[in-house]
Amino acid sequence: MAIFTRDPWILDVYRTYSGEKHLYIRGRALEDQPLKHYEQQTLYQTLRNTWRTFKTDEIRNAQVRLTLSNGQFFTTKADHEGYFLFDIKTDFNLHDLTDEEGYLLLTVSFDEDNSAFAKAKRQKRIKINKFTGETLVPYSEAAYGVISDIDDTIMHTGVTSFLKIRVAFNTFFKNYDRRLPLKGAASFYQLLHRGPSSKDQNPMFYLSNSPWNLYKYLEKFLDFHGFPKGPILLRDFPTPWDRTPKLKRPHKEHELLNILKHYPDMKFILIGDSGEHDVDYYKDTAQQFPDRILAIYLRSVEHKKKMQRVQSIADSFTICPMLLVKESKEAVVHARANGWIV
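Residues numbered from 1 in each chain as written. Predicted model: local features only at pLDDT ≥ 70, side-chain atom pairs only at ≥ 80, totals over all residues. Heavy atoms only, no water.

Asker: Describe unusual backbone geometry, with residues and values.
Answerer: If you check the backbone angles, Lys 124 has positive phi at about 60 degrees while not being a glycine. Within the secondary structure, Lys 124 is located in the loop between helix H2 (115-122) and strand E9 (131-136). We classify Lys 124 as exposed; its relative accessible area is 64%. Located in the positive-phi region is Asp 152, a residue other than glycine, with phi close to 60 degrees. You can see Asp 152 is positioned in the loop between strand E10 (145-149) and helix H3 (165-173). (Helix = DSSP H or I, 4+ residues; strand = E, 2+ residues; numbered from the N terminus. Buried < 20%, exposed > 50% of the residue type's maximum accessible area, 1.4 Å probe, protein only.)

In structure tokens form, the structure reads like this:
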């Protein structure tokens, strides 16, 4: 007789950003085996990982508990797709709990005081009930923050390709260690992270329209290619039958504005590309916060019509410098001339 085993319950915790007295933690409750990403995978292993990345079984309405190192804990309820969010004001300073890089380590677990957990435990689907994560609490002394797109800004993706065929090929058939970063991007971002003193720890935020399913893949890519550590902000991948309330703004614009509102005293450098709508989001953000955007850097993509449009906007933009650059070294020269890096 065949014996069917069911996947264990796990909690994926995404690296997010928080304030001195504001916890903002995202994650997802799933029935799944933790993914194992490693270097030099075979094509079969890559395809298997990709399949498992997108074939997820969410745990609807799961009760989740968040515990901090000082013993404080909070609870929330996941939605019908398993996503959970802790968006909480605290009466204590989170900086007191962070490490030297400004990261607050935390633990999430399934709330054991409910019938769903008890049933899963009887079915031996609870292998462990302690999952770790972290959230960035930037230091107020930071010279500025950096908000960057990922696709075709730091990673060759092919967003402008016909029917996005290159996007699909790169995502499904290439492991993270075989994806190519744009030339000079990692070293430029390290310079920005270290700032004008070369010892700063300026916060880095990475935005993408990719689904949360690709979080671990993108995290591995950034680490493997030497990009500074930072929150990775993706989105729920909509389906035709998805009844989740839609955001009033597109995902990237929503996160962009949320970051600026999260840190009202911080200035920012925005980095994107000329392929999609980055120029529109960044332009509108600079118009709303004219004193807080130091510069906008946009990488050129191989699409003549889009580049012409972006160049036209950049030429007439006066709120802050907006540069269309082919390589990172052009942005390095400009940033160094303005005293933002050494």
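Asker: Before we move on, can you summarise helix H7 (residues 278-288) with the specific residues and values?
Answerer: Most of H7 sits out of view: 8 of its 11 residues are buried. Within the sequence span of H7, burial applies to Asp 278, Val 279, Asp 280, Tyr 281, Tyr 282, Lys 283, Thr 285 and Ala 286. The inward-facing, buried residues of H7 abut E10, helix H6 (251-262), strand E13 (268-273), strand E14 (293-299), helix H8 (304-316) and strand E15 (322-325). (Contact = heavy atoms within 4.5 Å.)

Asker: How would you summarise the nonpolar core if you had to cite specific residues and measurements?
Answerer: With 36 residues, the main nonpolar core has Phe 188, Phe 227 and Tyr 297 as its most contacted residues. Those elements giving two or more residues to this core turn out to be helix H4 (185-194), strand E11 (204-211), helix H5 (215-224), strand E12 (232-235), E13, E14 and helix H9 (328-337). The biggest single contributor to this core is H4, with 6 residues. Contacts of Phe 188, omitting those with residues within four sequence positions, involve Ile 271, Tyr 297, Ser 328, Ala 331, Val 332 and Ala 335. Grouped together as the second largest cluster of nonpolar side chains are 30 residues, Tyr 17, Tyr 24, Leu 257 and Leu 270 included. (Core = buried A, V, L, I, M, F, W, Y, C linked by side-chain atoms within 4.5 Å.)

Asker: Any details on the environment of Leu 233? Residues and values, ideally.
Answerer: Summarising the element assignment, Leu 233 is placed in strand E12. When its relative accessible area of 1% is taken as the criterion, Leu 233 is described as buried. Distance from Leu 233 to Leu 207, taken between C-alpha atoms, is 5.0 Å for residues 26 residues apart in sequence. Other than its neighbours up to four places away in sequence, Leu 233 contacts Tyr 17, Tyr 206, Leu 207, Ser 208, Trp 212, His 251, Glu 255 and Ile 259.

Asker: Outline the side chain of Ser 148, listing residues and values.
Answerer: Within the fold, Ser 148 resides in strand E10. Judged by relative accessible area, Ser 148 falls into the buried class, the value being 1%. If we ignore the near neighbours within four places in the chain, the residues touching Ser 148 are Thr 153, Ile 154, Tyr 189, Phe 205, Tyr 206, Leu 207, Ile 271 and Tyr 282.

Asker: An account of the sheet that holds strand E2 (residues 16-17) is needed here, citing residue identities and associated values.
Answerer: One open sheet accounts for 5 strands, arranged E2-E9-E8-E5-E6; its pairing is mixed. Edge positions in the sheet fall to E2 and strand E6 (73-77), since each of these pairs with one other strand and no more. Bridge analysis of strand E8 (residues 103-110) against E9 gives 6 bridges, and the strand direction is antiparallel. Looking across to E9, one finds that Leu 104 is bridged to Thr 135. (Pairing = 2+ DSSP bridges.)

Asker: So what about the pairing of strand E3 (residues 22-31)? Which residues, and what values?
Answerer: In terms of residue burial, E3 counts as a mostly covered element, since 8 of its 10 residues are buried. The sheet contact formed by strand E1 (residues 9-14) and E3 spans 6 bridges and is antiparallel. Each bridged residue has a counterpart across the sheet, and for Tyr 14 the counterpart in E3 is Arg 26. By the bridge criterion, 7 bridges tie E3 to strand E7 (residues 83-89) in an arrangement that is antiparallel. Directly across from His 22, in E7, lies its bridge partner Lys 89. Summarising the sheet, E3 and strand E4 (residues 57-58) pair through 2 bridges and their orientation is antiparallel. Considered in E4, the bridge of Leu 30 is made with Glu 58.

Asker: Talk me through the environment of Tyr 14; I want residue IDs and the actual numbers.
Answerer: By the element assignment, Tyr 14 lies in strand E1. Tyr 14 gets classed as buried once you look at its relative accessible area, which sits at 5%. Sequence spacing of Tyr 14 and Ile 25 is 11 residues, and the spatial spacing of their C-alpha atoms is 7.4 Å. Not counting residues within four places of it along the chain, the set of residues in contact with Tyr 14 comprises Arg 26, Gly 27, Arg 28, Tyr 83, Glu 134, Trp 212 and Tyr 215.

Asker: Hey, could you go over the packing of aromatic side chains for me, with residue numbers and the actual values?
Answerer: Taken as a whole and assessed by the stated rule, the structure comprises 16 aromatic pairs. Geometrically, the ring pair formed by Phe 205 and Phe 268 is tilted, given 6.3 Å between the ring centres and 55 degrees between the ring planes. In this pair, Phe 205 is assigned in strand E11 and Phe 268 in strand E13, connecting sequence segments 63 residues apart. Take Phe 205 and Phe 268: they sit in the same class, and that class is buried. Between Trp 212 and Tyr 215 the ring centres are 6.4 Å apart and the planes differ by 45 degrees, which places this aromatic pair in the tilted class. Classification of Trp 212 as buried rests on a relative accessible area of 6%. Of the aromatic side chains, those joined through ring pairs into one cluster are Phe 188, Tyr 189, Tyr 206, Phe 221, Phe 227 and Tyr 297. The cationic tip of Arg 65 hangs over the ring face of Phe 73; the distance from NZ or CZ to the ring centre is 3.7 Å. The cationic tip of Lys 229 hangs over the ring face of Tyr 103; the distance from NZ or CZ to the ring centre is 4.2 Å. (Phe/Tyr/Trp six-rings, centres within 6.5 Å; stacked < 30°, edge-to-face > 60°. Lys NZ or Arg CZ within 6 Å of the ring centre and 35° of its normal.)

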